[in-house]
Amino acid sequence: MIGLVKLDACSSEVAVLRVTLDEQEVVMMEKQEEADKVLEVLQKENAVVSFERSSVAEDERNVRKIEAEIAETARECEAEVKLAEPAIVQAEAALNTLDKKNLTELKSFGTPPPGVELVTQAVLVLFARGRIPRDRSWKACRAMMGKADTFLSNLKTFDKENIKPETIEAILPYLKDPSFHPEKMRAKSSAAAGLCAWVINIHKFHKVYSDVKPKLDKLAMTRKQLAEEQGLVKLDACSSEVAVLRVTLDEQEIVMMEKKEEADKVLEVLQKENAVVSFERSSVSEDERNVRKIEAEIAETARECEAEVKLAEPAIVQAEAALNTLDKKNLTELKSFGTPPPGVELVTQAVLVLFARGRIPRDRSWKACRAMMGKADTFLSNLKTFDKENIKPETIEAILPYLKDPSFHPEKMRAKSSAAAGLCAWVINIHKFHKVYSDVKPKLDKLAMTRKQLAEEQVSTLICLMYLHYDCIWQRYNKFIASLSGFGGN
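No experiment lies behind these values; they were computed from the predicted model shown.

Novice: Which residues make up helix α15 (residues 366–373), and what values go with them?
Specialist: Every α-helix winds through 3.6 residues per turn, so residues three or four apart in the chain are directed the same way. Regarding α15, the residues found buried are Trp366, Ala368, Cys369, Met372 and Met373. Relative to the axis of α15, the buried residues are bounded by an arc of 160 degrees and lie together on one face. Of the exposed residues in α15, those oriented more than 90 degrees away from the buried face are Lys367 and Ala371. On its buried face, α15 sits against α13 (328–335), α14 (344–355) and α16 (376–384). One or two positions beyond α15, positive phi appears at Gly374, with a value near 45 degrees.

Written as structure tokens, this is what we have:
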């Protein structure tokens, strides 16, 4: 739609300029010498603007090239950084085992059990940020731990992206020590076990991140270069040049020749120009047709998506209805079971798998299921806001055995637990929704891609229209003044 508005504006400009020149035929210059001077000035200005336009085009190419490099590097970085995510998750899990009680217990050792001091020394080296401490005694390690809350905060905010090579080299002997293992530490100190796992996973993260770091640096440098190469702003400079030239023409109209014969010749030139403008407009029309074609594709794909998404609505309605049967009372009753009735644990295990978002839990015990349910209000909120559009294939594969179990049916659950019946119906309908949505997802992706293509086509049309506007005005100025320069003998 923006392209059509711009095209209409361009046509209006053409019409206004034509009328203006027709009206001013009666005031053409009498002096050939003055016309020659005007021509000389405008030709010089023409050369300057032509150079500016070529410079703008070159800058645009540079910008497009840099943007492509940024996109490619960003994709590579994203893929490689994902390899470090498991180490971060495990490091955070290790920190979650630490609390004020077990850290205070660790610090209270007069002489730590064998191996425990190695763990705290490794943390001491990491915290030194490259300045490898000579004093790694138990006294120095206890001083580092200080207040438990502060020490735990320092672990959580540790700058893992900027570990120096000498620090890594200094902790390698600890990592290679046979006793440096969380399980071996657990019997001696739960805090030492957590710190041991944290050090190991920080080292794993560093190994991956140190490989991707040069690419991240290149990405930052390329983005900086892009900011410096924003030559597109020179398009505005071209528009300014056009405006200046129009003012110049207005100012110099008072010295144009009065001879009607010369004015008739100028009119003839303008009529020929009309044919050129018509040709240029046909080029813009081709861009308009492309835009219309893409708009039609978007409308068709949107209709298909809407029709298929409607097929999933019954499953959503039934899943919501199932959740409406749950409340604080029956969820608390479900959670209170010491040993759940047969089949009930299967239902909660299926919910546990769905909530894991692709990281299929090994521990699906009744204790783990009760922990998942936590507070009834929070659990119910999590069910209602569950991200049903982004369920991973491995999650679906993991819940299929539950769905195929003969006892996995709301009516069979109802006599055992009303909450289990509601959760059972919710799982079944979430699975039904996924089956429909996974079919329509490629069309939704195609719809997004086509909308992006439409935006690019509209930008291309705008640039074409700008140059059309620019060229129309320039052709008129040049041919108009050139026609005057040929009348020196009259």
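Novice: Explain the environment of Val212 to me, and be specific about the residues and the numbers.
Specialist: On the secondary structure map, Val212 appears in helix α10 (residues 190–228). Separated by 132 residues in sequence, Val212 and Glu80 have C-alpha atoms that sit 6.4 Å apart.

Novice: Which residues make up the side chain of Asn102, and what values go with them?
Specialist: Residue position: Asn102 is located in helix α4 (residues 100–107). The contacts of Asn102, once residues within four sequence positions are left out, are Thr97, Ser190 and Ala191.

Novice: Now, about α14: what can you tell me, with residues and values included?
Specialist: Between its first and last C-alpha atoms α14 spans 17 Å; for twelve residues at 1.5 Å apiece the expected length is 16 Å, and the two agree. α14 sits mainly inside the fold: nine of its twelve residues count as buried. All buried positions along α14 are accounted for by Val344, Val347, Thr348, Gln349, Ala350, Val351, Leu352, Val353 and Leu354. Backbone geometry just downstream of α14 places Arg357 in the positive-phi region, at approximately 55 degrees.

How each quantity is defined
- Residues numbered from 1 in each chain as written.
- Predicted model: local features only at pLDDT ≥ 70, side-chain atom pairs only at ≥ 80, totals over all residues.
- Heavy atoms only, no water.
- Buried < 20%, exposed > 50% of the residue type's maximum accessible area, 1.4 Å probe, protein only.
- Helix = DSSP H or I, 4+ residues; strand = E, 2+ residues; numbered from the N terminus.
- Arc of directions from axis to C-beta.
- Contact = heavy atoms within 4.5 Å.
- Expected span 1.5 Å × (residues − 1).

Read these as spatial facts, not as claims about activity.
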